[in-house]
There are 4 protein chains.
Amino acid sequence: MYDLVIYNGLIVTTSHISPVDTWIGITGDKIVTIQSGKPPKDVGKRYIDAKGGYITPGGIDTHVHLQQLQVAPGEDTGDTFESGTRSATAGGTTTIIAFANQQRHDESLYPLVEEYHRRAAANGTWCDYGFHMILTNPTKKILDEELPVLFEKEGISSIKVYMTYEARRVGDRDMLEIMLRTRKLGMTLMIHAENDDMVQLVIDHLKENDLTEPHHHAIARTPLAEVEATNRAICLSNLVSSPILIVHVSSSAAMSRIRTAQNDLQPIFAETCPQYLLMLAEAMQPSGHGCGCSHGTEKTENKSFEGAKLICSPPLRESKDDLDAVWKGMINGTVTTFSSDHCPSAFDHPMGKKKGLQGGKADFTKVPNGLPGVETRLPLLMTYGVERQRISVQRFVEVTSTQPAHLYGLQHRKGAIAVGMDADIVIWYPPGEVKHDITNDNLHHSIDYTPFEGFEVSNWPRDNGGLVGRAGLGTYVKRIKGTVGHESRGETHLERITRMARA
Amino acid sequence: MYDLVIYNGLIVTTSHISPVDTWIGITGDKIVTIQSGKPPKDVGKRYIDAKGGYITPGGIDTHVHLQQLQVAPGEDTGDTFESGTRSATAGGTTTIIAFANQQRHDESLYPLVEEYHRRAAANGTWCDYGFHMILTNPTKKILDEELPVLFEKEGISSIKVYMTYEARRVGDRDMLEIMLRTRKLGMTLMIHAENDDMVQLVIDHLKENDLTEPHHHAIARTPLAEVEATNRAICLSNLVSSPILIVHVSSSAAMSRIRTAQNDLQPIFAETCPQYLLMLAEAMQPSGHGCGCSHGTEKTENKSFEGAKLICSPPLRESKDDLDAVWKGMINGTVTTFSSDHCPSAFDHPMGKKKGLQGGKADFTKVPNGLPGVETRLPLLMTYGVERQRISVQRFVEVTSTQPAHLYGLQHRKGAIAVGMDADIVIWYPPGEVKHDITNDNLHHSIDYTPFEGFEVSNWPRDNGGLVGRAGLGTYVKRIKGTVGHESRGETHLERITRMARA
Amino acid sequence: MYDLVIYNGLIVTTSHISPVDTWIGITGDKIVTIQSGKPPKDVGKRYIDAKGGYITPGGIDTHVHLQQLQVAPGEDTGDTFESGTRSATAGGTTTIIAFANQQRHDESLYPLVEEYHRRAAANGTWCDYGFHMILTNPTKKILDEELPVLFEKEGISSIKVYMTYEARRVGDRDMLEIMLRTRKLGMTLMIHAENDDMVQLVIDHLKENDLTEPHHHAIARTPLAEVEATNRAICLSNLVSSPILIVHVSSSAAMSRIRTAQNDLQPIFAETCPQYLLMLAEAMQPSGHGCGCSHGTEKTENKSFEGAKLICSPPLRESKDDLDAVWKGMINGTVTTFSSDHCPSAFDHPMGKKKGLQGGKADFTKVPNGLPGVETRLPLLMTYGVERQRISVQRFVEVTSTQPAHLYGLQHRKGAIAVGMDADIVIWYPPGEVKHDITNDNLHHSIDYTPFEGFEVSNWPRDNGGLVGRAGLGTYVKRIKGTVGHESRGETHLERITRMARA
Amino acid sequence: MYDLVIYNGLIVTTSHISPVDTWIGITGDKIVTIQSGKPPKDVGKRYIDAKGGYITPGGIDTHVHLQQLQVAPGEDTGDTFESGTRSATAGGTTTIIAFANQQRHDESLYPLVEEYHRRAAANGTWCDYGFHMILTNPTKKILDEELPVLFEKEGISSIKVYMTYEARRVGDRDMLEIMLRTRKLGMTLMIHAENDDMVQLVIDHLKENDLTEPHHHAIARTPLAEVEATNRAICLSNLVSSPILIVHVSSSAAMSRIRTAQNDLQPIFAETCPQYLLMLAEAMQPSGHGCGCSHGTEKTENKSFEGAKLICSPPLRESKDDLDAVWKGMINGTVTTFSSDHCPSAFDHPMGKKKGLQGGKADFTKVPNGLPGVETRLPLLMTYGVERQRISVQRFVEVTSTQPAHLYGLQHRKGAIAVGMDADIVIWYPPGEVKHDITNDNLHHSIDYTPFEGFEVSNWPRDNGGLVGRAGLGTYVKRIKGTVGHESRGETHLERITRMARA
């Protein structure tokens, strides 16, 4: 007797698509059988008829900021673990990985992890979750003593570093030291790659010229800053032969640089996000809506600061060439994983709209960088990727679930619909049944806007993902070593030195 | 009650690896269930204990020449359908696609297909099989009338053309006309890409200089001829936006050219074969064995013509850079499918060794091009790819089974271990159990040598693949339209013209 | 006592720019002295005050069709040697090289060369001239016996072949045989690179769709056909290590392919022409003028066939990217030489406008391909290149005179203003003195239109080049071996074979 | 009456080669006439018969360290202005540009320039000289006030910065600020591009493993550090559209990155030096001689620290691919200028050999980086470049004289043999007359070794350059704005901002 039987759908994995006369039997939180034919009437406590729609593995969103400490001074990220995972679940995402961030003055990571556990436990979560560790002060003690403990005890198998933001950026030497440890431990290293000095020069120049409207944000953070930092990270990785993931790749130049490295078998991976596929910087113009839609301009009166809703880093790009190149990376395999970079803050803020409109004076540099998006990620890609025939539904599964699982050490439990795996399952409507515009009223986060307001979607996880999936609250997931990028790749420059020393 | 239950193995698909406590239930020639845990004792007529080894989808070898008419004047290819499929099965290959070739004077393809059906039926086959059609005289009647019929009635969904060999090469205009039809019909087009004029110039020069030993074959067919033809095929494909597969890619330059096209989302696919991963042209030298092993030279006395055993086209390459580049393509995804190009002929021939040693005079130009290899393909890749840690076992499955299935219209039945699919299954020994050298005595083809004589293998399909798989003889497989390369890719140059004409 | 003294100008060579207080003394047709300061009053029979303008070496136009036999059936090219060289001289060109073309049935080149000598001598020429030989039937006799004779006796050190046009195209094997000879003899090989089969397929498709207006010509001859043939020519050249010049490069893809070869030290050279820098295919639209100007459309009524004035091969390109890429090649050094491809025919023709408008029915396929342009070449590049600050005046000299001289074996006499060189000199107006629109009335050819009608030029050779330069008529120039591309480049593939044969 | 007449030589410029029957008349320090024929007997005070040898413009060596303050703590560079210019002259170099370096604590550049003037004047110089300014502390005062003054008053039109060495490296923001000024002023910016953090990590690793012999220096400064910094400098340049010169390019990867930028018309220039063309790191092995020759090993006993003679930065490379790539850059035009990077120190030093062998313990990190080479630069390139047929003699002139002149604002006086230019002239022996090995005894610097000891040269400036050239001592040369890289290149990112601000 199974707890749940799902039948009459097209089960999609990266391997194949099962015909509709196949059914899945679930017991507890595991898939325990898959069988041919129609399910017998008496084997399940509950039955779900997928009605011919796709059945895909639950989404894994590995780039989510929830209740993150001091994202801006005195302020945490806008969504709690509770509201963020509710939103995730409603959009088909059944596992998220959030960030536990070190501040420059933190000398131990242990209290931070405890604090994030508390935060997640406070009101529970709707889906499974894990933590990445952000490092800003990589002392020897932290690198050599704490990281191995966190990996083994807590299953934290990934680290993130920033090459930008005054409060967070780490220098090349620190990056190298971190890489040496992630390589040794088999952890995944995520890098936010933008050259801070380049960005700051342009910001200073913009300020001198009194150009501080939201849309100037896109000018400030030029693609040149992204490709420089991307190349530098790749060169550092080459020196120590350490796998890295460049997060939220947004430009043609960076994507192309990463592809070249991949062609040469360097362990360089790329992440991108819906905003870089679907919106351009022009949406931040005073005449824009603060969303990427192509509606008329009649709504936009007196809304000149709406563009601040779209401020994220890297920014929406000015050139359609960049957007096309990100799509190309999605299609040709350069992109390893597709995340939301959900990092929301409210538009209405006591200090002024997005904190950047104070006393009538717009200043994009005061706006917290980041968008909400954990709920809309899968429906947008299903619509603009699969149904508009840019990618196959199998590639959809690959970048939203299978590869994130393999990249971050979840492959033993998640990323596929298969016997023995977690019963993280999304059922979609058959093509043609759904067609509506996204509106913030229908979303489940705690933020007062969505950047994708007005975007048409032509599918959505059935019943907001809520009726299916694991019963009860989500749980913390200890992760293992991922399988991506840890292949043997010959002797590294430093290993060679060690060998010479021994000879 | 299942006909067969397989348990206690690691089921591998491109999507995930199932743990050992999963079992498969097979009825007839289909997989009908997969379940968690140990199989009950009373559900199967027969049980196989996989003993912890990998369980992979049956190999699909899409480049096999069997009993092919007039491969050389008055002579057919060395293996029959019976002996060739016996050899395939013993090496873990459960489906082959062989070639039905048009001669220049053939004005209809129908009698040819009938003849090949007769040949395959004569003594039966050990595994499933299908036919590709080779075109050398693509008349309008054949293109417009016969191809659609062959696709629909016979399930022949692939065509092959040659850019080399006087008797077979087709010109650019003919290639374009064929591409227009394969695109329209959704057929897969295979191209043997070598510039014949370049090759002939070098051959003439070699002959003038009396350089006609077997190893001169590698000089004759320079990589320049391969990359030129590869680029030309890609340009022709670009003009009409027609997917193509470059078969048996052997050089760094050709591989790199294909990768560039793939990066730009052009529907260009690549095949390679074991010989291009494992052997260099030096093995054809008089001091070589006629195999790629690194044994001592004591065996090689008086064996100066042994190199002829390795004559194939494209040839084994002279530079290790080429071999490394083919491996790189295997690893980074450039290679879509991995085949044997099994095209054997006996070394001992009444007209002299390989027909090329007549009256003591060696002449490589008289040697039929082609090697046996259908049986050794999977064990070699499992050994030198997976177990030597160049590729993952999931990538092994991808290039030997999953992608061949999708590329050639078999994805509805083959390429994955999943409920509803054909029960084409290979069980491997656990790592460490097997270690032996390949020797022709142990192979099942009807050829008097193997080019891989003496190559160590560290795994082999359990019981020569014979105890598992579909009972009885193989059957002819009607294929459907593949899924690779037929995505929407915007308006083509010719479509634009049609649109202009309508405007 | 010098025949002529030129002073008070800025002498420009690729090496340096001399200050205005330098003067040149000329005796006969040679520069015999250059001196500092103002010229003494009594040293010259004649004095020219350059008034502070540039003094550049006389233009060398190495791609000029004059009185060419049977360019179209029953018809020769529009300008005679007399009218063509008059036009050249008026535009600052002091040396041209015209084509002597073999027809398929011609079994000897000698009578052809004689005929062209007769034609040139008939009414004399205004500037120096030489002949390239076009081969369409490269028999062994011609290659092995005649070419060496023509080089030695006639100073014909260059060959041209076509990869397109049914009546002229040569196959890959013939190209290779020709390359072997040009390499051995040190001749320069010019290649018109377009894949004829690709072009013909599109033309057939256009005709089937009744799209035969002039502007459809640009669609017919797609850049894909150019880059395919360019790559093929480069591959053939690689095989035999023979220098080649791709003439009239018009597209981004072809330019980029050539650059890659140059980066790798392959002896591949590029020519381009003014039309590919200044006009796009849209100028051929019915609403265009048949010129590249941006005038209003009021003049264009009933002029729907004017676009035929711009039909040349390769065609004007549709994308500004191509035009930009050709400029890039001009600036970064990819382009070795800048020619006119002067190949004119009258717009008014007894058989209908350009022979392509017959009985009211437009058919671009009947229009002779080619534009007049020998006179406008230098002023256009001086205006749009130098004065609009895309290239330096030294680069202007390099591509219009110095490199053409070195490429075609004229470096012993031409290409520089220096003591001992031919007194081929162009004096320009100081910047700002000249500004007018080009109009056919002011040109000196015998054609009834110019494609550059209405183009503004901001400089022109002083007095139409007529008062300066060599007195009297031009003479035939015997050329020697050029210096470009004949450096040592290691052993070739064929040389290696010869070496092996000897070992 | 000319002070000097030179005749009977082949005058070489980048534009052409004059025949031997041309003569040059010199008055004072200027070329005042060039004439055809043999010189009359009574026009010159002195005559030099060039005897059919090449006559080339005097070498310009723009990368020379002489008497440089505090190159190592408490120590200046090994050659004085007197000895260094003596050595330069003897090797055919008639102009050098030396470095005036700011220390971190220097708040004004003026006293530094005065000090260097004093040093140069102390004992006079044998050839002309100028100064580059090295910046390590680019304060606003220095950038905005002093640089314009130094350019205008002192003719210092070039700046150098370091991305490596703890005491000298400047950060990205400082580089950007400097680039903004050099662009605005039209100064040339030289960059030593190596990533210091990468180098330091490897050095630390080497020290931990006790690997500090001279040859470990090449491992410490990996090509990865060079290409990273090169790319970063190019990206920074792109942001502000400022021309830069990457000095002493030594690796394939860096050369290739520069070429790509040049192909795209970015104003990126490259310098290389003889050591990167002629020697590999293996010459630093204990079994090496401390020179790049291929002599037997019998001389090398007890010379294990000889390798320190070859320590420079970037180091000699380990792979022949790097050396080949530098040659390729010399040939295909990537390299703009060819310098010596003469930066010598004595091998015998009171603190131990090269200061790096103290108490029997070798430590390459204590060895001052740099080689002597100002005298051998031209003969080595004439021998290994021109006479071994890698480059033409015209390219030799281009990289040793013409382009250095244009790059550094000397083009109004130097870089060509032409009327009105400085009489900086080198006369070479006719091919075949000279053949000897370089030995330090025959050189004119004050250093106790040459890294090129034992290298065969097949030409040398006649009479050690001493009988020809400008009489008397060299003088300081005020430079103007160069002509390389200052073309218009469209609106920059920052200019766009200014424009937006105005709109």
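Residues numbered from 1 in each chain as written. Chains lettered and ligands numbered in written order. Predicted model: local features only at pLDDT ≥ 70, side-chain atom pairs only at ≥ 80, totals over all residues. Heavy atoms only, no water.

Chain A goes by dihydropyrimidinase in an unreviewed UniProt entry, where it is assigned to Kwoniella shandongensis. On record in UniProt, under Sequence similarities (unreviewed entry), the comment for chain A is "Belongs to the metallo-dependent hydrolases superfamily. Hydantoinase/dihydropyrimidinase family." (UniProt positions renumbered as here; feature names shortened; annotations may be inferred.)

Undergrad: Got a minute to help me understand the pairing of strand 8 (residues 93-101) of chain B in this structure?
TA: Successive side chains on a regular strand alternate, one facing one side of the sheet and the next facing the other. All names here are of chain B. Across the nine residues of strand 8, nine count as buried, placing the element largely inside the fold. Where the polypeptide runs from strand 7 (residues 59-64) across helix 1 (residues 81-90) and back to strand 8, its parallel neighbour, the crossover connection is right-handed. Bridge count for strand 8 against strand 9 (residues 128-134) is seven bridges, and the pairing is parallel. Of the residues in strand 9, the one forming a bridge with Ile96 is Tyr129. Crossover connection from strand 8 via helix 2 (residues 110-123) to parallel strand 9: handedness right-handed. (Buried < 20%, exposed > 50% of the residue type's maximum accessible area, 1.4 Å probe, protein only. Helix = DSSP H or I, 4+ residues; strand = E, 2+ residues; numbered from the N terminus. Right-handed = clockwise from strand over helix to strand, strands pointing away. Pairing = 2+ DSSP bridges.)

Undergrad: I keep staring at the relation of the copies chain C and chain B and nothing clicks. Help me out?
TA: Put simply, the second copy of the chain is the first one after a rotation about an axis and a shift along it. Note on the copies: chain C fits chain B at an RMSD of 0.1 Å, the axial shift is 0.0 Å, and the rotation between them is 180°. The two molecules are tied by a two-fold rotation axis, judged by turn and shift. Taken as a fraction of all interface residues of chain C, those also at the interface in chain B reach 100%, which identifies the copy contact as same-surface. (Least-squares fit on C-alpha atoms with pLDDT ≥ 70 in both. Contact = heavy atoms within 4.5 Å.)

Undergrad: Mind showing me how you'd approach the confidence of the model for chain A here?
TA: For residues with low pLDDT, the predicted coordinates do not support detailed interpretation. Residue and element names in this part refer to chain A. Summary statistics for chain A give a mean pLDDT of 92 and a share of 94% for residues scoring 70 or more. pLDDT under 50 marks residues 294-302. Its contacts with residues more than four places away, or in other chains, come to eight contacts. Reported confidences for the modelled complex are a pTM of 0.95 and an ipTM of 0.94. (pLDDT = per-residue confidence, 0-100.)

Undergrad: What am I meant to see in the interface of chain C and chain B here?
TA: Reports often express the size of an interface as the amount of accessible area lost when the parts come together. Listed per partner, the contact involves 38 residues of chain C and 38 residues of chain B. Summing both partners gives a buried area of about 3300 Å² for chain C against chain B, and 70% of it is carried by carbon and sulfur. Of all residues in chain C, Arg173, Leu201 and Ile497 of chain C bury the most surface against chain B, accounting for 19% of the area lost on that side. Summed over the shared surface of chain C and chain B, the number is six salt bridges. For the salt bridge of Glu228 of chain B with Arg232 of chain C, the shortest nitrogen-to-oxygen distance reads 3.7 Å. (Buried area = accessible area lost by both parts, 1.4 Å probe. Salt bridge = Lys/Arg side-chain N within 4 Å of Asp/Glu carboxyl O.)

Undergrad: Just checking my understanding: could you explain the environment of Tyr54 of chain D for this structure?
TA: All names here are of chain D. Position of Tyr54 among the secondary structure elements: in strand 6 (residues 54-57). The class for Tyr54 is partly exposed, based on a relative accessible area of 22%. Through-space distance from the C-alpha of Tyr54 to that of Asn137 is 45 Å; in sequence the pair is 83 residues apart.

Undergrad: Before we go on, may I ask you to explain the UniProt feature "modified residue: N6-carboxylysine" (unreviewed entry) in chain A in this structure?
TA: Residues and elements named next belong to chain A. Per the UniProt entry, the sites bearing "modified residue: N6-carboxylysine" (unreviewed entry) are Lys160 in this numbering. Residue placement: Lys160 occurs in strand 10 (residues 158-162). Discounting chain neighbours no more than four positions away, the residues touching Lys160 are His63, His65, Phe99, Met133, Ile134, Leu135, Met190, His192 and Val247. A polar contact of 3.5 Å, which involves the side chain of Lys160, links it to the side chain of His63. (Polar contact = N/O pair within 3.5 Å; in protein donor to acceptor, adjacent residues only side chain to side chain.)

Undergrad: Looking at this structure, how should I read helix 13 (residues 493-502) of chain C?
TA: Along an α-helix, residues three or four apart share an orientation, since each turn contains 3.6 residues. Here helix 13 of chain C has its buried residues at His493, Leu494 and Ile497 of chain C. Angularly, the buried residues of helix 13 of chain C cover 100° about the axis, an arc narrow enough to put them on a single face. Elements in contact with the buried residues of helix 13 of chain C: helix 5 (196-208) and helix 6 (216-220) of chain B together with helix 4 (172-185) and helix 7 (223-240) of chain C. (Arc of directions from axis to C-beta.)

Undergrad: Could you clarify how one ought to interpret the sheet that holds strand 8 of chain B in this entry?
TA: Where strands meet in a sheet, backbone hydrogen bonds hold them as pairs that are either parallel or antiparallel. Residue and element names in this part refer to chain B. Judged by pairing direction, the sheet is parallel, and its eight strands sit side by side in the order 7-8-9-10-11-12-13-14 without closing on themselves. Edge positions in the sheet fall to strand 7 and strand 14 (335-338), since each of these pairs with one other strand and no more. Each strand of the sheet is rotated relative to its neighbour by a mean of 30°, with strand direction disregarded. Inspection of the sheet shows strand 10 (residues 158-162) paired to strand 11 (residues 188-192) by five bridges, in the parallel sense. Bridged to Tyr162 within strand 11 is His192. (Axes fitted to C-alpha atoms, helices over the stretch in contact; angles between N-to-C directions.)

Undergrad: Looking at this structure, I do not really get the pairing of strand 1 (residues 4-7) of chain D. What am I missing?
TA: All names here are of chain D. The pairing of strand 1 with strand 3 (residues 22-27) spans four bridges and is antiparallel. Residue pairing for strand 3: Val5 is matched across the bridge by Gly25. Of the strand pairs in this sheet, strand 1 and strand 5 (residues 47-49) are connected by three bridges, and their pairing is parallel. Paired with Val5 across the two strands is Tyr47, which belongs to strand 5.

Undergrad: In this structure, what is going on with the arrangement of the chains? I would like to understand it.
TA: Contact between chain A and chain C is absent, and the minimum C-alpha spacing across the pair is 13 Å. Taking C-alpha atoms as the reference, chain B and chain D come no closer than 14 Å and do not contact one another.

Undergrad: Got a minute to help me understand the interface of chain D and chain C in this structure?
TA: Contact residues are listed per partner, giving 33 residues for chain D and 33 residues for chain C. For the pair chain D and chain C, the summed buried area comes to about 2500 Å², and 51% of that belongs to carbon and sulfur atoms. The interface formed by chain D and chain C includes two salt bridges. For Asp264 of chain C, the salt bridge identified is with Lys328 of chain D, shortest N-O distance 3.2 Å. Here chain D is connected to chain C by 14 residue pairs in polar contact (both at pLDDT 80 or more). Elements with a contribution of two residues or more to the side of chain D that touches chain C: strand 4 (30-36), helix 8 (252-263), helix 10 (320-332) and helix 12 (393-407) of chain D. Looking at the side of chain D that touches chain C element by element, the count peaks at six residues for strand 4 of chain D.

Undergrad: Explain the domain arrangement of chain A to me, please; I cannot follow it from the model alone.
TA: All names here are of chain A. Taken domain by domain, chain A comprises domain 1 (4-54 + 418-448 + 459-466) and domain 2 (59-407). Distance from the C-alpha centre of domain 1 to the C-alpha centre of domain 2: 29 Å. Contacts between the two partners involve 24 residues from domain 1 and, on the opposite side, 34 residues from domain 2. Approximately 2300 Å² of surface area, both sides summed, lies buried where domain 1 meets domain 2, with 62% of it carried by carbon and sulfur atoms. Looking at the side of domain 1 facing domain 2, the largest losses of area belong to Thr14, His444 and Ile447, adding up to 24% of the total buried there. (Domains from an automatic or database assignment.)

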